[in-house]
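An overview of the molecular structure
This is what each chain is made of:
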Amino acid sequence: MSANAESPTETQKDEPSTPQQPTEDSGTADEKKKIDVLLKAVGDTPIMKTKKWSVEKGRTVQSLSQFISRFLKMEANEQLFIYVNQSFSPSPDQEVGVLFECFGSDGKLVLHYCKSQAWG
Amino acid sequence: MAGRPTPGCLSDLEMESEEPTEVEMSSCFLDEETFCQCCQLLLQHSHSLCDGWSWEQVKGSEGYLRKTALGTGRTRCILDQQGNSSDQHQERTFSLSFHNDEDDEDDGAVCCIQEESSSSSVVQYEYHILYSCSYQTPVLYFRASTLEGRSLCLEEVWDSVHPNYRQRLQHRPWDTITQQEHPLLGQSFFVLHPCRTEEFMMPVLKAALEEHRQVNYIVTWLSVVGPVVGLDVPLSYCTQVPEPPHTPSSSPQPPSSSPQPPSSSPQPPSSSPQPPSSSPQPPSSSPQPPSSSPQPPSSSPQPPALGTKPG
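Just so it is clear, the structure is predicted and the values come from calculations on it, not from any experiment.

Turning next to the overall build of chain A. A tally of helices and strands in chain A yields two helices and four strands. In chain A, the order of α-helices and β-strands from amino to carboxyl end is β-β-α-β-α-β. Within chain A, buried positions represent 52% of all 120 residues. Once local pairs closer than 6 in sequence are excluded, the contacts in chain A between residues at least 24 apart make up 68%.

Shown next, in the form of structure tokens:
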């Protein structure tokens, strides 16, 4: 396991690129809850320097995917794939909070990601 | 000859034991029997969810999974609701559709020729999951039409791809979704190209191999490709649908002579049985037995035989 604990849990770092959820200030305690997401690279995909992120429960997989793509400075012709349990890919519209409830362990959701040159 | 150096047999053997790429490569592909088994297992869960999948058999040999669903898409509307230019538009439309009727084609081309606005609308989708012998992977074919029955044209389908994948698709659309003849029905369908399937399947299959567990290839594959074209795959598929019985590639096992009747929720014996429900449940963490000692077929529930049509 790559539990590199030198990176503290980052907060709010994944927000600026997505203006879609400015409601965290006025939400209830439940809505403001965040979950820990651990991102693991697969194969030749670049490893993110910060692997552990604190993500709002209502955040979608697509939003997270966009964030990772920008973080890795991916090109337009590259596609990012995300895997849960290394057994399936969550729908882009799925909320990470739901994934955490179903597949979280040890207080975090582990997601593997893989960069692919082509689709098809 | 005495002076001839001996070939490096030992190093070759060492390389073979270090890199079982042959095993990995074979496990990245799907044989037709496993395809059918995975489909049947998916089908059973679909029945319990009333998710709409059905198995269609063609001439008693090849079959495919089929589902229709309503979704959203971006379609182009003819601007015939404007004031002054409506007549002209209507005339043009009429002549074009008349022309197309003559050719006996779907009038998908009507909307693509004119200048029109693109908007989000309800689209009727029909999805088919077929097995491709040449790629040894499943392939997703689909049709899309408006509620009025007009087929979407290729550009509209490209515009309807989920935003998560749209940028990549727009980069090389012809590599991703095109129109092809349905291999079994002979009708025009849109198809999501399968040539790179192994690229996104590889991480899952490799992990499964290393952890000595199986995956349901179809469920995993569908979870990746489905959302691209608006096909929703509920999370419970990923937790409730079991894997097909393991068949070692080196020694193919004969099919079970006594197929068990299909149950509503088949579960492998090693995992705790969970009733199928619409709310996704966390998967059991009990590991599958190592692949070197496969379970005898009689101890694990068999999917229904190919000939029987479920439900």
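Ile68(A), Phe35(B), Trp53(B), Tyr127(B), Ile177(B), Trp221(B) and Leu222(B) are the most contacted members of the largest nonpolar core, which has 79 residues in total. Among the nonpolar cores identified, the runner-up in size contains seven residues, and Val58(B), Tyr64(B), Phe189(B) and Val191(B) belong to it.

This brings us to the interface of chain A and chain B. The partner chain B presents 35 residues to the 28 residues of chain A that form the contact. Carbon and sulfur atoms make up 62% of the surface buried where chain A meets chain B, a total of about 2,700 Å² over both sides. Put simply, chain A and chain B have zero salt bridges between them. For the pair chain A and chain B, the interface holds eight residue pairs in polar contact (both at pLDDT 80 or more). At the level of secondary structure, the elements contributing two or more residues to the side of chain A that touches chain B comprise α1 (61-71), β3 (79-84), α2 (96-103) and β4 (108-116) of chain A. Tallying contributions element by element places α2(A) first for the side of chain A that touches chain B, with four residues. In terms of residue class, the side of chain A that touches chain B is made up of 13 nonpolar, 13 polar and two charged.

Our next topic: the packing of aromatic side chains. Taken as a whole and judged by the stated rule, the model has 10 aromatic pairs over all chains. Between Trp53(A) and Phe67(A), the ring centres sit 4.9 Å apart and the planes meet at 80°, which makes this aromatic pair edge-to-face. Placement of Trp53(A) in strand β2 (residues 52-56) and of Phe67(A) in helix α1 is noted, with a sequence separation of 14 residues between them. Between Trp53(A) and Phe71(A) the ring centres are 5.7 Å apart and the planes differ by 80°, which places this aromatic pair in the edge-to-face class. You can see Trp53(A) sitting in strand β2 and its partner Phe71(A) sitting in helix α1, a full 18 residues away along the chain. By relative accessible area, which is 1% here, Trp53(A) ends up buried. Classification of Phe71(A) by relative accessible area gives partly exposed; the value is 32%. Each member of the aromatic cluster is reached from another via a ring pair, and the members are Tyr125(B), Tyr127(B), Phe142(B) and Phe190(B).

Below, the discussion takes up α1(A). For α1(A), the buried fraction is high: eight of the 11 residues fall into the buried class. Of all the residues in α1(A), the buried ones are Val61(A), Gln62(A), Ser63(A), Leu64(A), Ser65(A), Phe67(A), Ile68(A) and Ser69(A). For α1(A), the secondary structure elements touched by its buried residues are β1 (34-41), β2, β3, α2 and β4 of chain A together with α7 (163-171) of chain B. Where α1(A) ends, the next residue or the one after it, Lys73(A), has phi of about 55°, a positive value.

We now examine the pairing of β1(A). If a strand is regular, its side chains alternate between the two faces of the sheet. Residues and elements named next belong to chain A. As paired strands, β1 and β2 are joined by five bridges and run antiparallel to one another. Each residue of the ladder has a partner; that of Lys-34, found in β2, is Glu-56. Here six bridges tie β1 to β4, and the two strands are oriented parallel to one another. Considered in β4, the bridge of Leu-39 is made with Leu-111.

All names here are of chain A. Averaged over all residues, the pLDDT of chain A is 80; the fraction at 70 or higher stands at 71%. Scored below 50 in pLDDT, residues 1-9 makes 12 contacts in the model with residues more than four places away or belonging to other chains. Throughout residues 11-27 the model reports pLDDT below 50, and contacts reaching past four residues in sequence, or to other chains, amount to 25 contacts.

All names here are of chain A. Following the sequence through the fold, Lys-115 ends up in strand β4. Looking at Lys-115, the relative accessible area reads 29%, which means it is partly exposed. Filtering out sequence-adjacent residues up to four positions away, Lys-115 remains in contact with Thr-45, Pro-46, Met-74, Glu-78, Gln-79 and Leu-80. A distance of 3.3 Å separates polar atoms of two side chains, one belonging to Lys-115 and the other to Glu-78.

So, how was this worked out
Residues numbered from 1 in each chain as written. Chains lettered and ligands numbered in written order. Predicted model: local features only at pLDDT ≥ 70, side-chain atom pairs only at ≥ 80, totals over all residues. Heavy atoms only, no water. Helix = DSSP H or I, 4+ residues; strand = E, 2+ residues; numbered from the N terminus. Buried < 20%, exposed > 50% of the residue type's maximum accessible area, 1.4 Å probe, protein only. Contact = heavy atoms within 4.5 Å. Core = buried A, V, L, I, M, F, W, Y, C linked by side-chain atoms within 4.5 Å. Buried area = accessible area lost by both parts, 1.4 Å probe. Salt bridge = Lys/Arg side-chain N within 4 Å of Asp/Glu carboxyl O. Polar contact = N/O pair within 3.5 Å; in protein donor to acceptor, adjacent residues only side chain to side chain. Nonpolar A, V, L, I, M, F, W, Y, C, P; charged D, E, K, R; others polar. Phe/Tyr/Trp six-rings, centres within 6.5 Å; stacked < 30°, edge-to-face > 60°. Pairing = 2+ DSSP bridges. pLDDT = per-residue confidence, 0-100.

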